[in-house]
Amino acid sequence: MCSSLASVGSALPQRPLAYMLHALVLLPASDAFWSQAARAMLHHPAMANTNATDARDWSALCVLVPTMVHVQLLKAALANELSGTCILPRIMTMAAWLAQQVPDAERAPPAAASERLMGLYAGLRQHGWLKKLFSARRNTDLLPLAQTLLGLSDELTQSLLPQLQLAPQAVEQRWQAALEQLTPSARHVLSDEAQLVWTIWKGQLDGADACAARFAQMMQLGARAESALVWIAPVEPDPFEQVFLAAYGERQSVLPIQLDWRASAIHPLYAAAWPELGQAQDAPPVFAARQPSMPSGLALCQAASIESLAQQGAQIIVDWLAAGKSALAIVAQDRVVARRIRALLERAEVGVADETGWKLSTSRAAAALAAWFEVVLSRADTSALLDLLKSPYLFAEVPDKPSLVMHIEAALRRANVPGGWEAAVAALKSAPDAQALVAQLAAQAALFGQRKTLTEWIAVTADTLDALGMRGALAADAAGQQVIELLDALERECTSLDQAFSFSEWRALVSLQLESTEFVAPERDRRVVMLPLNGARLRVFDAVLVVGADAAHLPSPPGEALFFANAVRRELGLATREILQRQQLRDFAELLSVNREVVLAWQDHKDGEPNPVSPWIERLQLALARHGASALKIHKVQIAQRDLQTRVPGSPAPQAPQLLPTRLSASAYNKLVACPYQFFAERMLALSTPDELSDLPQKRDYGDWLHQILKKYHDAANVEKLNANQRAVLLADISESVFQPVLLQNPAALGFYVRWKKVIPAYLDWANEREGQGWQFAFGEREFSKTLQWPGGEMTLHGWVDRIDENDAGEFAVLDYKSTGHPALKKRLEECEDHQLAFYGLIADVPVASAHYVSLEPHNGKTRDVAAPRYADWQHQLSSQIVDNLRAISQGASLKASGIDAVCEYCNVRGLCRKGTW
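Procedures and definitions
- Residues numbered from 1 in each chain as written.
- Predicted model: local features only at pLDDT ≥ 70, side-chain atom pairs only at ≥ 80, totals over all residues.
- Heavy atoms only, no water.
- Helix = DSSP H or I, 4+ residues; strand = E, 2+ residues; numbered from the N terminus.
- Rg over C-alpha atoms; globule rule 2.2 N^0.38 Å.
- Buried < 20%, exposed > 50% of the residue type's maximum accessible area, 1.4 Å probe, protein only.
- Contact = heavy atoms within 4.5 Å.
- Areas by Shrake-Rupley, 256 points an atom, 1.4 Å probe, with all protein chains shown as cover.
- Pairing = 2+ DSSP bridges.
- Axes fitted to C-alpha atoms, helices over the stretch in contact; angles between N-to-C directions.
- Parallel < 35°, antiparallel > 145°, perpendicular 65-115°, else oblique.
- Left-handed = near helix turned anticlockwise from the far one by under 90°.
- Polar contact = N/O pair within 3.5 Å; in protein donor to acceptor, adjacent residues only side chain to side chain.
- Expected span 1.5 Å × (residues − 1).
- Salt bridge = Lys/Arg side-chain N within 4 Å of Asp/Glu carboxyl O.
- Phe/Tyr/Trp six-rings, centres within 6.5 Å; stacked < 30°, edge-to-face > 60°.
- Lys NZ or Arg CZ within 6 Å of the ring centre and 35° of its normal.
- Core = buried A, V, L, I, M, F, W, Y, C linked by side-chain atoms within 4.5 Å.
- Disulfide = S-S within 2.5 Å.
- Patch = residues over 30% accessible without salt bridge, like charges linked within 9 Å, V, L, I, M, F, W, Y side chains within 5 Å.

Asks: Please clarify how the overall build of the chain should be interpreted in this entry.
Replies: A count of helices and strands for the chain gives 37 helices and 22 strands. Taking 29 Å as the expected radius of gyration for a compact globule of 918 residues, we find that the chain reaches 39 Å, considerably beyond that expectation. With respect to the principal axes defined by its C-alpha atoms, the chain has extents near 125 × 70 × 55 Å. Within the chain, buried positions represent 48% of all 918 residues. Taking all contacts inside the chain whose residues are at least 6 apart in sequence as the whole, residues at least 24 apart take part in 76%. Carbon and sulfur atoms form 52% of the exposed surface of the chain, whose accessible area is close to 44300 Å².

So, in structure tokens, the structure goes:
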């Protein structure tokens, strides 16, 4: 036995733990419970000497209740019973009473939960066999295991510690008897796990164990026992509480008040439907004398879908409020539907006090911290980086942050940067302000390297929150403030841990803490309360809506019992599945018994299949049918209907002369020709979709690489006179210089590299042949612009031209590289699909006599080009067409959605024009 627990044993009464308090009061579950409890306190013989001097002074009495909510309920009941000036007893919870006690100077303060967790985890990760045993691929997979083991250790402490003080050998025998409940094969398989649990539990029993420290405090209270005690609880005391009440009862009067679950005290209908509610030793109730009948306020409500159920649930609450009810409860068995009901009620300006809470990890504040950790871990993966930048908590005080973030996103997508701090910073070289933001993030991320103690990790994280302007924004948010408090608590609790942890382990700890912490939003209105089923214990409401009364949610599915089967848990005195489910059934029966109006709602179909009602409700219906009683009534919900005027949709045809852009590219004009509405949405409203990020190189990337290669090649070939072999070597060298950095960053580009290597011979043959025809490379990759004017308006045409050649006669030709096959390019020119070549001729600052598409995909082993027919006429027609179209738009012409199916199939704004509905 641990020496630190010796002081606890001296305070224990030297008698068996199975005791019977003569003053036990059992009260049936009803809406009068607190009034009856108050009368029992005031008039029970065990409390006769509590107020011997003054019948209205009960200050010498101490009352323990389950929660702070019950404190107010009991105070109201006592005030009603005493009806006048009086001094009420001290009413508090056990946790509050323990918190008021002076710490024991001789006992070390208990270890905090996070300190225990990381201390145990640091030990577990040292054993490779543990990772193999539990199929853990990395160390951090052992962190949830450590949390589970600590939870199980606390369960064992609560069950076995009292007995350990009286008979240590009996505890060992009890452990062995529990293992005997397993089959020999299971015992062999689970021997390592069982030994692990037993070793960890015994290792946790020291002065720093919070559970043992709590028990020691309780026993110190029992040893002092300065006043009479009333113990009110909806459930039977746990082993700690049993020993505490016995020790307290040795010195002062103790009046335990509990719910009465004997068959005679249960509503006849519920006793008939659920006989397991009562005590095991109870005789079956005589139903002939206690005929079951349907409770008048109990009703069912079923819906065909989640949304329908949420709407009906919200309407039920609104109807109750309109009827004057001011204390309503929503029991959230189905959390998804309950949250949707809450959203609908808040839309109707009905506040909901949520006592269920939700995981802090689901808040936007926690998501901001998680996004930062993801950026650090992924080394600036672009998707993670953009997600972080869009968080409202990051750089909250930076002026014009939205436009900077939009610029960063556009630049990263345009360059298709998959990730990496260097690549991200380089992509923003043309925007110094945006580049500075990303560089600041990179500098902070560099601090999250190497292994550190938890104290050091907390300090680095705190400094980062300050440097990135996140702390102030988090502090201004309720959930964000709780995130900061969580980090501050970790700093206080983990100072004694000197083990070093990796960043992945630090991140896993924070994620686990955020997942384990519940956030309860500030309450503004208590008329409607959302709570779990056990949160309704000993509480009375005007009406209750139970959401999720189907078989999947009522009873709640049991959690996975890791390590121990039910037989072992039963032998060790731990809660089994049967015990947990019976208690949940008692909570359900109490809810129905206490509240006069209860609606049980559920979704009767899910994923196209019937979703059955809870078996508890089916048994209730069966009990009614067996005794000839009426079935449970159906609660009808009348949702107000709103008549909407029918409007047949038509093809959109907006007019927006004021939005006409001042610059026009060839691709933009092609959109205007293909579909005026597409041009309106993407160019005039600036609703064009951003470039898609891809881990794999795209065809547009391949085109960009080829443009770089050919520009460098022809510039170099113009300077020196090279023969065919030298040109081949030059083009190969330039190709290597462009592709090698790309391949180092993204090996998936190898396919495009090989593809281009196969094209090089055919391209050289074509280029040499073109030079033989008298055409020389003049320049390439140059931007041009030209302003078209007409009476009352003008437009600047602009664009990048891939290449312009010149012949001996001084004529110029536009060449546009395409990584498309020759037949497709030929068809494009024959059908006049686009006006790109003619557009380039209009904006060039040299007189262009001809234009060609150059296919960089060999056809029959050869690179070929396609010349534009009647090029001069085409340019003239295009110029007139552009002026006519733009003049019409500026004068209010409609921009109709007139694209053909081939255009609409890949249109990014089809959802906006809603083609298919008109």
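Asks: Which parts of the structure should I look at to understand the sheet that holds strand 11 (residues 528-531)?
Replies: Pairing between sheet strands relies on hydrogen bonds along the backbone, with the strands arranged either parallel or antiparallel. Strand order in the open sheet made by the 7 strands is 8-11-7-12-13-6-16, with parallel pairing throughout. Each edge of the open sheet is held by one strand with a lone partner, namely strand 8 (353-354) and strand 16 (633-634). Contacts between helix 26 (residues 577-594) and the sheet are confined to strand 6 (298-303), strand 7 (328-332), strand 12 (543-547) and strand 13 (598-603), with strand 13 contributing the most and set at about 130° to the helix.

Asks: Would you explain the environment of Leu156 in this entry?
Replies: Take Leu156: it is sitting in helix 7 (residues 142-166). Exposure remark for Leu156: the relative accessible area of 0% places this residue in the buried category. Sequence-wise, Leu156 and Phe779 are 623 residues apart; in three dimensions their C-alpha atoms are separated by 82 Å.

Asks: Hey, could you run me through the packing of helix 21 (residues 454-467) against helix 23 (residues 478-493) in this one?
Replies: A pair of packed helices can be characterised by two numbers: the angle between their axes and the separation between those axes. Contact geometry of helix 21 with helix 23 gives a least axis separation of 10 Å together with a crossing angle of 150°. The pairing of helix 21 with helix 23 is recorded here as roughly antiparallel in orientation. By crossing handedness, the relation of helix 21 to helix 23 is classed as left-handed. Contact with helix 21, carried on its side by Ile458, Thr461 and Leu465, involves Leu487, Leu490 and Glu491 of helix 23 and no other residues of that element.

Asks: Just to check I follow, could you spell out the sheet that holds strand 4 (residues 229-233) for this structure?
Replies: Spatial strand order, 1-5-4-2-3: 5 strands in an open sheet with parallel pairing. Edge positions in the sheet fall to strand 1 (25-27) and strand 3 (90-92), since each of these pairs with one other strand and no more. The mean angle between the axes of side-by-side strands here comes to 15°, regardless of whether they run parallel or antiparallel. Alignment of strand 1 against strand 5 (residues 254-259), held across 3 bridges, turns out to be parallel. Residue pairing in the sheet places Leu27 in a bridge with Leu259 of strand 5. Here helix 3 (residues 68-82) sits on the sheet in contact with strand 2 (62-64), strand 3 and strand 4, set at roughly 150° to strand 3.

Asks: Please clarify how the side chain of Gln603 should be interpreted in this entry.
Replies: By secondary structure assignment, the location of Gln603 is in strand 13. Relative accessible area serves as the criterion here: at 8%, Gln603 is assigned to the buried category. Side-chain polar atoms of Gln603 contact the backbone oxygen of His605, separated by 2.5 Å. Contacts of Gln603, omitting those with residues within four sequence positions, involve Ala303, Ala304, Ser305, Ile306, Leu309 and Asn611.

Asks: How should I be thinking about helix 14 (residues 306-322) in this particular structure?
Replies: Helical geometry: 3.6 residues make up each α-helical turn, so side chains three or four residues apart lie on a common side. Under the 1.5 Å per step criterion, the end-to-end length of helix 14 is 24 Å for 17 residues, consistent within 8% with the ideal 24 Å. Among all positions in helix 14, only Leu309, Ala310, Gln312, Gly313, Ala314, Gln315, Ile316, Ile317, Trp320 and Leu321 are buried. The inward-facing, buried residues of helix 14 abut strand 6, strand 7, helix 15 (335-347), strand 11, strand 12 and strand 13. The first or second residue beyond helix 14 is Gly324, which carries a positive phi of 100°.

Asks: Just checking my understanding: could you explain the pattern of salt bridges for this structure?
Replies: Oppositely charged side chains can form a pair if their charged atoms are brought close together. By the definition in use, this model includes 35 salt bridges. Here Arg413 makes a salt bridge to Glu409, at a shortest N to O gap of 2.9 Å. Residue Arg413 and its partner Glu409 are located together in helix 18 (residues 401-414), separated by 4 residues, close to a single helical turn. For the pair shown, Arg413 and Glu409 are each scored as buried. Here Arg527 and Asp525 are joined by a salt bridge, their closest N and O atoms 3.0 Å apart. According to the relative accessible area criterion, Arg527 is partly exposed, its value standing at 34%. According to the relative accessible area criterion, Asp525 is buried, its value standing at 18%. Where salt bridges share partners, they join Arg339, Arg342, Glu346 and Asp354 into one cluster.

Asks: Would you take a moment to explain the pairing of strand 12 for this structure?
Replies: Regular strands have side chains that alternate between both faces of the sheet. Strand 12 sits mainly inside the fold: 5 of its 5 residues count as buried. The side-chain alternation of strand 12 yields two buried faces, one formed by Ala543, Leu545 and Val547 and the other by Val544 and Val546. Here strand 7 pairs with strand 12 via 5 bridges, running parallel. Its bridge partner being in strand 12, Ala332 is matched across the sheet by Val547. As paired strands, strand 12 and strand 13 are joined by 4 bridges and run parallel to one another.

Asks: I keep staring at the environment of Asp498 and nothing clicks. Help me out?
Replies: Inspection of the secondary structure puts Asp498 in the loop between helix 23 and helix 24 (503-516). Linking Asp498 and Glu794, residues 296 residues apart in sequence, is a C-alpha distance of 72 Å.

Asks: Got a minute to help me understand the side chain of Asp354 in this structure?
Replies: Mapped onto the fold, Asp354 is located in strand 8. Assessed through its relative accessible area of 3%, Asp354 is described here as buried. Here Arg342 takes part through its side chain, which lies 3.0 Å from a polar atom of the side chain of Asp354.

Asks: Is there a simple way to explain the environment of Val483 in this structure?
Replies: Tracing the backbone shows Val483 in helix 23. A residue is classified by how much of its surface remains accessible, and Val483, at 2% relative accessible area, is buried. In this structure, the C-alpha to C-alpha distance between Val483 and Thr517, residues 34 residues apart in sequence, is 9.6 Å. Once residues within four sequence positions are removed from consideration, Val483 is found in contact with Leu360, Ala365, Ala366, Leu369 and Leu514.

Asks: Whenever I open this one, the packing of aromatic side chains confuses me. Can you help?
Replies: Each pair of aromatic rings is reported with the distance of its centres and the angle of its planes. One pass over the structure, following the stated rule, counts 24 aromatic pairs. On the numbers, 5.7 Å between centres and 80° between planes, the contact of Phe373 with Phe503 is edge-to-face. Of the two residues, Phe373 is situated in helix 16 (residues 364-378) and Phe503 in helix 24; the sequence distance between them amounts to 130 residues. Residue class for Phe373 comes out buried when judged on its relative accessible area of 1%. Classification of Phe503 as buried rests on a relative accessible area of 8%. Taken together through their ring pairs, the aromatic side chains of Trp372, Phe373, Phe448, Trp457 and Phe503 make up a single cluster. Sitting over the ring of Phe779, Arg782 keeps its end group 3.9 Å from the ring centre. Against the face of Tyr853 rests Arg828, its NZ or CZ located 5.8 Å from the ring centre.

Asks: Looking at this structure, how should I read the nonpolar core?
Replies: Generally speaking, a soluble globular protein has its nonpolar side chains buried in company with each other. Ranked by size, the top nonpolar core spans 117 residues in total, and within it Phe244, Leu441 and Trp506 carry the most contacts. Contact partners of Trp506, with chain neighbours within four places excluded, come to Phe373, Leu454, Trp457, Ile458, Thr461, Leu487 and Leu490. Of all hydrophobic cores here, the second largest spans 69 residues; its members include Trp34, Met41, Leu300 and Leu624.

Asks: How should the pairing of strand 20 (residues 812-821) be read in this particular structure?
Replies: Of all 10 residues making up strand 20, 8 are buried, and the element is well covered by its neighbours. If you look at the hairpin formed by strand 19 (residues 793-807) and strand 20, you'll find 4 residues sitting between the two strands, and Gly810 has a positive phi there, around 80°.

Asks: Explanation requested: the state of the cysteines in the structure shown.
Replies: Here, the word disulfide means a covalent bond between the sulfur atoms of two cysteines. In total, this model carries 0 disulfides according to the counting rule given. This cysteine, Cys904, is not joined by any disulfide, and Cys675 carries the nearest cysteine sulfur, 6.0 Å off.

Asks: Would you mind going over a nonpolar patch on the surface with me for this structure?
Replies: On the surface, Leu659, Leu685, Leu687 and Leu912 cluster together to form a nonpolar patch covering roughly 300 Å² of accessible area. By the secondary structure assignment, Leu912 is in helix 37 (residues 910-913).

Asks: Mind showing me how you'd approach helix 2 (residues 33-43) here?
Replies: Every buried residue belonging to helix 2 is among Phe33, Trp34, Ala37, Ala38, Ala40, Met41 and Leu42, and all of these are buried. Of the surrounding elements, those touching the buried residues of helix 2 are strand 1, strand 2, helix 3, strand 4 and strand 5.

Any functional reading would require information that these geometric values do not contain.
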